Amino acid sequence: MSETTEQRNSDETAVTPEAPETPDAVARGPLGLVGGVIKTARPRQWVKNVLVFAAPFFAFSKSTDRTGLLIDAIIAFVAFSLTASSVYLINDAIDVEADRAHPTKRNRPIAAGIVPVPVAYGAAVVFFLAGLGVSFLASWQLAVVLGVYEAVQLGYCFGLKHQPVVDLAIVGSGFLMRSIAGGVAGGIALSQWFLLVTAFGSLFMVAGKRYAEIMLFERTGAKIRSSLKKYSASYLRFVWATSAAILIMSYCLWAFEIRQTEHNSVWALISMVPFLVAVLRYAVDVDGGIAGEPEEIALKDRILQVLGASWVITLFLAFYL
């Protein structure tokens with residue numbers, strides 16, 4: 001090889017630019033780590049936390065400090081969202097090995113190695129402490145509710161989720177605590193019917209979700225959580241059907257109570273129509289085995305959204321007309 005050729009090859013080597021950073025390298029870098037933590041915190045599921053506004057909504061018409069009540073409700077929403085995210089981080093960190101063997105869950109940031117397990121635990125502590133700190137802006141009672149929620153959910157993450165029936169009760173209690181959080185944040189006395197509707201509405205959705213998972217397993221053979229192996233489809237149908245019946249009955253009795261306390265307003269009774277149709281509409285998804293993600297149904301089912309909006313409007317008229 002001539003000197004000229006050697007020099008040309010050397011020059012070409014010298015000016016060759018470095019290979020661009022691969023997407024995988026970016027995903028595992030600092031920005032990817034932050035994005036992975038945020039994704040694991042599941043902000044899309046914060047939609048569940050709108051339940052904290054339920055009690056303030058019903059108390060708003062008689063409140064002497066409506067601005068304060070609204071601010072307390074927003075504080076409760078933020079605090080519960082941060083606390084719930086801490087649970088999601090811990091749950092994914094505990095289930096990392098099982099998620100890696102799952103066809104879709106293996107893409108979760110912790111299972112994919114984007115977020116190391118110790119970082120996930122550290123982030124969970126930060127989220128929980130942040131939520132607890134925010135809660136004290138409203139009331140110490142809200143902080144107590146968040147502490148109980150965190151303790152119950154940690155028990156779920158560390159083994160109770162594998163216990164049949166207990167797992168249904170714990171997941172359902174999460175929705176109930178969201179409603180209670182909105183009440184204690186604003187110092188609202190919660191109606192017994194409100195608590196019953198929330199409790200059995202939660203159980204109805206949770207049993208429906210488990211039933212959908214059972215149906216998916218029977219159709220495709222997809223891997224399911226260990227506790228579901230101890231359930232039968234008929235048992236879960238019994239649970240969600242019973243819950244739906246008690247839910248509807250409790251709401252109707254509550255609507256009659258609202259009519260008596262709100263100037264004999266007929267709108268409280270009219271609200272039973274969109275509520276009942278919405279429950280039956282959701283039951284169609286449950287029966288079809290496609291209610292695996294309740295928040296996805298709420299965001300995508302336009303008819304259900306219209307029914308929900310109609311229900312809220314009729315209640316608004318009952319309280320404020």
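A few points on the structure.

What counts, and where the lines are drawn
- Residues numbered from 1 in each chain as written.
- Predicted model: local features only at pLDDT ≥ 70, side-chain atom pairs only at ≥ 80, totals over all residues.
- Heavy atoms only, no water.
- Helix = DSSP H or I, 4+ residues; strand = E, 2+ residues; numbered from the N terminus.
- Buried < 20%, exposed > 50% of the residue type's maximum accessible area, 1.4 Å probe, protein only.
- Contact = heavy atoms within 4.5 Å.
- Core = buried A, V, L, I, M, F, W, Y, C linked by side-chain atoms within 4.5 Å.
- Polar contact = N/O pair within 3.5 Å; in protein donor to acceptor, adjacent residues only side chain to side chain.
- Phe/Tyr/Trp six-rings, centres within 6.5 Å; stacked < 30°, edge-to-face > 60°.
- Lys NZ or Arg CZ within 6 Å of the ring centre and 35° of its normal.
- Salt bridge = Lys/Arg side-chain N within 4 Å of Asp/Glu carboxyl O.
- Axes fitted to C-alpha atoms, helices over the stretch in contact; angles between N-to-C directions.
- Parallel < 35°, antiparallel > 145°, perpendicular 65-115°, else oblique.
- Nonpolar A, V, L, I, M, F, W, Y, C, P; charged D, E, K, R; others polar.

Below, the discussion takes up the environment of A76. You can see A76 is positioned in helix α5 (residues 66-94). Overall, A76 belongs to the buried group, its relative accessible area being 0%. C-alpha separation for the pair A76 and F136, spaced 60 residues apart in sequence, amounts to 9.6 Å. Residues contacting A76, with those up to four places away along its chain left out, are V52, L142, A181 and A185.

Before going further, it helps to examine the nonpolar core. Judged by nonpolar contacts, the single largest core of 42 residues is most densely connected at F204, Y211, L236, W240, Y251 and W254. Those elements that place two or more of their residues in this core are α4 (54-59), α9 (166-185), α10 (192-220), α11 (233-261), α12 (267-270), α13 (272-287) and α15 (302-320). Top element by residues in this core is α11. It accounts for 10 residues. A79, L142, L146 and A181 belong to the second largest nonpolar core, which has 15 residues in total.

With a phi angle near 55°, R42 is a residue other than glycine that sits in the positive phi range. Note on placement: R42 falls in the loop between α3 (30-40) and α4.

Here the focus is the side chain of D95. By the secondary structure assignment, D95 is in the loop between α5 and α6 (96-100). Side-chain polar atoms of D95 contact the side chain of K161, separated by 2.5 Å.

Residue placement: S271 occurs in the loop between α12 and α13. Of the polar contacts made by the side chain of S271, one reaches the side chain of Y251; its length is 2.7 Å. Apart from the residues within four sequence positions on either side, S271 is in contact with Y251, W311, T314 and L315.

One pass over the full model with this rule turns up 17 aromatic pairs. Aromatic rings pair up to connect F57, F58, F194, Y251, W254, F275, W311 and F319 into one cluster. Positioned above the aromatic ring of F175, the side-chain terminus of R178 is 5.6 Å from the ring centre.

Right, let's get into the pattern of salt bridges. Counted according to the given criterion, the structure contains 5 salt bridges. Ionic pairing is found between R42 and D92, a salt bridge with its closest N-O pair at 2.5 Å. Of this pair, R42 sits in the loop between α3 and α4 while D92 sits in helix α5; the two residues are 50 residues apart in sequence, bridging distant segments of the chain. The residues R42 and D92 share a single accessibility class, namely buried. For E97, the salt bridge identified is with R100, shortest N-O distance 3.2 Å. Taken together, the positions of E97 and R100, both in helix α6 and 3 residues apart, correspond to about one turn of that helix. Through salt bridges with shared partners, a single network forms among R42, D92 and R108.

A few words on the packing of α11 against α13. A pair of packed helices is captured by two measures, namely the crossing angle of their axes and the spacing between those axes. Following both chains from N to C, one finds α11 and α13 inclined at 170°, their axes separated by 10 Å at the closest point. Between α11 and α13, the interaxial angle falls into the category roughly antiparallel. Touching R237, W240, A244, L247, I248, Y251, C252, A255 and F256 of α11 are M272, F275, L276, V279, A283, V286 and D287, all from α13. Among the residues forming the contact of α11 with α13, the class breakdown is 14 nonpolar, no polar and 2 charged.

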